[in-house]
Structure formats: C-alpha cells, structure tokens
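Each chain is listed here by its residues.
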Amino acid sequence: MSEKTMSKEDYLNKVQDLDFPDEQPKALQDTDFFTVAKERRSVRQYDSSYKMEASEIRELLETAILAPSSSNLQPWRFLVIQDQAEKEALLPIAYNQQQVMDSSAVIAVLGDRYAYKNAERIYSDIAKKGNMPEEVKDTYVASIMQNYGNFKEERLSRIAAIDGGIVSQQLMLAAKAKGLDTVPMGGYDEAKLKEAFNIPENLEPVMLIAVGKGAKAGFEKTRLPLDDILQWNKYE
Ligand SMILES: Cc1cc2nc3c(=O)[nH]c(=O)nc-3n(C[C@H](O)[C@H](O)[C@H](O)COP(=O)(O)O)c2cc1C
C-alpha cells in the first residue's frame, strides 16, 4: 500500500474523524418529491436510542417495491438485520462501519437470479385483475421462461443488480420522506455476509442500507456539473 492509500476499513471509517459541522439532518416540512430527492444525504451517524417498529420498516419496503423491474419479475429480496447480536456479527463484515450498530436496522438488499421462476404467479395476478387476457399471459410466461431460462448466470446477476439498485433508491427516498435517514453500503465482505447470514446461493447481495434517525447531517452534495456528463443524441 502506498503512503497515499488506506486499507478498505480505514477508507470507510475515515469519515467519522472528519470535522464537518455538527448539524442535524434536515427535518423536512415539505415532502414534495423534488425536496426529498435534494435533501437525501448519506448519513453515517445515528441516534442509537431510536428504534423503528417493524411496521415502519414494512411501510418503507411496501413503498420501495412499487419500483419498476425487468419484466416485472421483482427479483429483490430483503433481509432486515435488527437484533443486536446479528448487528454485532455484521459489524466486522461491514468493515466496522459504525452506522451498522447505531442505525435502527440494516437492510440487506438481495437479488434473486432465478426470480423469473415466479413469472406464472406474477402474470396470473395481472390476468386475474383483468389487465391481460389469459392467452396473452400464457405467451408472456412461456417467453420469460424461455428467455430468462437461457440467460447466462452473469446476465441474471446483472438484472438482479440493476433492479436491486432501483428498489434501493426508492427505499432511501421513502425513508427521507418519512423523516428518516439512510446510507447505502457496498463496503462489506460479500462471501462472509452470505455465510454468516445463511443467504441462499441464488440470492446475491446488492447493497446494505442502514436506516434510522440521523444524528449528524451527511455531507453537502457535490456533483459533477450536468454539462460534463450529458450528451444529446449521439457521442461524436
Ligand atoms: C452502491 C453504493 C455503495 C456505497 N457504499 C458506501 C459504504 O460502504 N460506506 C459509506 O459510508 N458510504 C457508502 N456509499 C455512499 C456514498 O459515499 C454516497 O452516496 C456518495 O458520497 C454521495 O453522497 P450522498 O449519498 O450524500 O448524496 C455508497 C453508495 C452507493 C450508491
């Protein structure tokens, strides 16, 4: 390691030493979508005495799962880690990021590579609602089973990761609209997570999301200017 780089754990935890203003996360009076999107920040310090009820977590997840997914196959699965003992087990796996302990819950967003096997169930529901004729449903399901069933594992993984990312963002925005804060985490050891939490082989971790009552605001937003990342119509 050169003098200028840090271990993964130091990199992820350095933020706790930074001396940024001691302000609380902004409490939103207005939960208009644009305000919520603007005000959500990754929050890494939480009020550890604040406990979320299972019903509050369920409400966030019910909103998150309204997100779009490839062929509406909804490959996302959620493991909610809330017990103290399980959080203690998670802490070293997530490179000792303190938000694991202090947030109300850590939600492991997982993606099922074989979610396409639910096609019949999902499309039958659509047909039952009268939103699709039975024969069209049969053709859709047969096509999904044929296509997804022949996709390489890598492609199924990619679909699970894309849909898992979309549902994750919807969850984080829902939390902000409810006066809560979140931080998405990719900093964890995937193999150890799967082993410690008995995650079935077909489910792959997309990210961990800590959720709770923020005690200190996250960084102010810094983004590349839109014009540096925007191209219209075609790259030259
Ligand atoms: C997939 C993903 C993984 C991330 N992993 C971590 C992490 O392990 N630890 C952490 O403190 N922040 C993590 N972040 C948060 C980013 O650092 C943060 O989103 C970024 O700095 C922008 O800040 P903002 O979320 O406040 O807008 C992650 C974000 C994403 C999208």
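Residues numbered from 1 in each chain as written. Predicted model: local features only at pLDDT ≥ 70, side-chain atom pairs only at ≥ 80, totals over all residues.

*Asks:* When you look at the UniProt feature "domain: Nitroreductase" (unreviewed entry) in the protein chain in this model, what are you seeing that I'm missing?
*Replies:* Under the local residue numbering, the UniProt record ascribes the feature "domain: Nitroreductase" (unreviewed entry) to residues 38–213. Split by type, residues 38–213 is 49% helix and 18% strand. Its first and last C-alpha atoms lie 18 Å apart. (UniProt positions renumbered as here; feature names shortened; annotations may be inferred. Helix = DSSP H or I, 4+ residues; strand = E, 2+ residues; numbered from the N terminus.)

*Asks:* Looking at this structure, how should I read the site of the ligand?
*Replies:* In the vicinity of the ligand there are 14 residues, among which R41, S42, M185, G186 and G187 approach most closely. With three residues, the top contributor of residues to the shell around the ligand is strand β4 (residues 181–185). (Near = placed C-beta within 6 Å.)

*Asks:* What should I look at first to understand the packing of helix α3 (residues 54–64) against helix α8 (residues 153–177) in this one?
*Replies:* Between two packed helices, the angle of one axis relative to the other and the distance separating the axes together describe the packing. Two elements in contact, α3 and α8, have axes separated by 8 Å at closest approach and are oriented at 130 degrees. Judged on the interaxial angle alone, α8 and α3 are oblique. Like other packed secondary-structure pairs, α3 and α8 cross with a definite hand, here right-handed. Every residue of α8 that contacts α3 at L60, L61, T63 and A64 is listed here: V167, Q170, L171, A174 and A175. Per-class residue counts for the contact of α3 with α8 are seven nonpolar, two polar and no charged. (Axes fitted to C-alpha atoms, helices over the stretch in contact; angles between N-to-C directions. Parallel < 35°, antiparallel > 145°, perpendicular 65-115°, else oblique. Left-handed = near helix turned anticlockwise from the far one by under 90°. Contact = placed C-beta atoms within 7 Å. Nonpolar A, V, L, I, M, F, W, Y, C, P; charged D, E, K, R; others polar.)

*Asks:* Teacher, can you tell me more about the pairing of strand β5 (residues 203–212) here?
*Replies:* A regular strand places its side chains so that they alternate between the two faces of the sheet. Counting buried positions along β5 gives nine out of 10 residues, so the element sits mostly inside the fold. Here eight bridges tie strand β3 (residues 105–112) to β5, and the two strands are oriented antiparallel to one another. Note on β5: the bridge partner recorded for V106 is A210. For β4 and β5, the ladder comprises five bridges, and the chain directions are antiparallel. Across the sheet, the residue bridging to V183 is A210, located in β5. (Buried ≥ 20, exposed ≤ 12 C-beta atoms within 10 Å, placed from the backbone. Pairing = 2+ DSSP bridges.)

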